[in-house]
Amino acid sequence: MHNKQFVKITPGSPWFNLNFRELWEFREVFYLLVWRDLKVRYKQTLLGVLWAILQPLIATIIFTIIFTKVARFETGEIPYSLFALSGFTFWMFINTSVMQAANSLVYHEQLVTKIYFPRMIVPASFIGASFLDLLLSLIILFAGVAYFEIVPTWKLIFVPLFLGLALIIKISLSLLLSSFNVRF
């Protein structure tokens, strides 16, 4: 006779069902999924890294031309290109990772149905992989700040808080959309 082990998954509280200990136990699955996504995205071509840099730059150039030359949009003492780049840096981070994470459970159907691990790791891994794109975009943004000789104010200390809130919103949206995507 075979001695098979089964894990019975039972629902927890309908209001809060997050087991941090279990997430910590399966952290290596998270790391491996992030690493796999980064390898797929960046390994075989320079365009992957270049695209993470060019995407916000191209959007910034297009918006700068449209809103400064055609619409005559004023941003005060901050150059419009830097204003637009700061918006696109965070928008691209939120938009691309939420869209990828929404399809993550369907994309990893074979993995999700074969072994047990906390399912929220799969959408979170796409967010973790897109974090590298954010870091590359932030380097471009800070280079733009240095180029235009903008002196940061004390409000810069709120950037980590803003990033933390953006991550919470992204993970929440990703979990919601990925579960809807599986269901429908």
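Structure first, text after, so check above.
The present account deals with the structure reproduced in this document. A quick note: this is a predicted structure, and the numbers were derived from the prediction, not measured. (Residues numbered from 1 in each chain as written. Predicted model: local features only at pLDDT ≥ 70, side-chain atom pairs only at ≥ 80, totals over all residues. Heavy atoms only, no water.)

1. Some points on a nonpolar patch on the surface
Moving on, step 1. Together, L47, L50, W51, I58, I62, F63, I66 and V70 line one region of the surface with nonpolar side chains, adding up to about 740 Å² of accessible area.
Moving on, step 2. Mapped onto the elements, L47 comes out in helix 3 (residues 46–70).
Moving on, step 3. Assessed through its relative accessible area of 51%, L47 is described here as exposed. (Patch = residues over 30% accessible without salt bridge, like charges linked within 9 Å, V, L, I, M, F, W, Y side chains within 5 Å. Areas by Shrake-Rupley, 256 points an atom, 1.4 Å probe, with all protein chains shown as cover. Salt bridge = Lys/Arg side-chain N within 4 Å of Asp/Glu carboxyl O. Helix = DSSP H or I, 4+ residues; strand = E, 2+ residues; numbered from the N terminus. Buried < 20%, exposed > 50% of the residue type's maximum accessible area, 1.4 Å probe, protein only.)

2. Structural notes on unusual backbone geometry
Moving on, step 1. Of note, the phi angle at E149 is positive, near 55°, even though the residue is not glycine.
Moving on, step 2. Summarising the element assignment, E149 is placed in the loop between helix 7 (121–147) and helix 8 (159–183).

3. Here we look at the side chain of S125
Moving on, step 1. If you trace the backbone, S125 turns up in helix 7.
Moving on, step 2. On the basis of relative accessibility, which here comes to 2%, the residue S125 falls in the buried class.
Moving on, step 3. There is a polar contact of 2.6 Å between the side chain of S125 and the backbone oxygen of V122.
Moving on, step 4. Among residues more than four places away in sequence, those in contact with S125 are F30, L33 and V34. (Polar contact = N/O pair within 3.5 Å; in protein donor to acceptor, adjacent residues only side chain to side chain. Contact = heavy atoms within 4.5 Å.)

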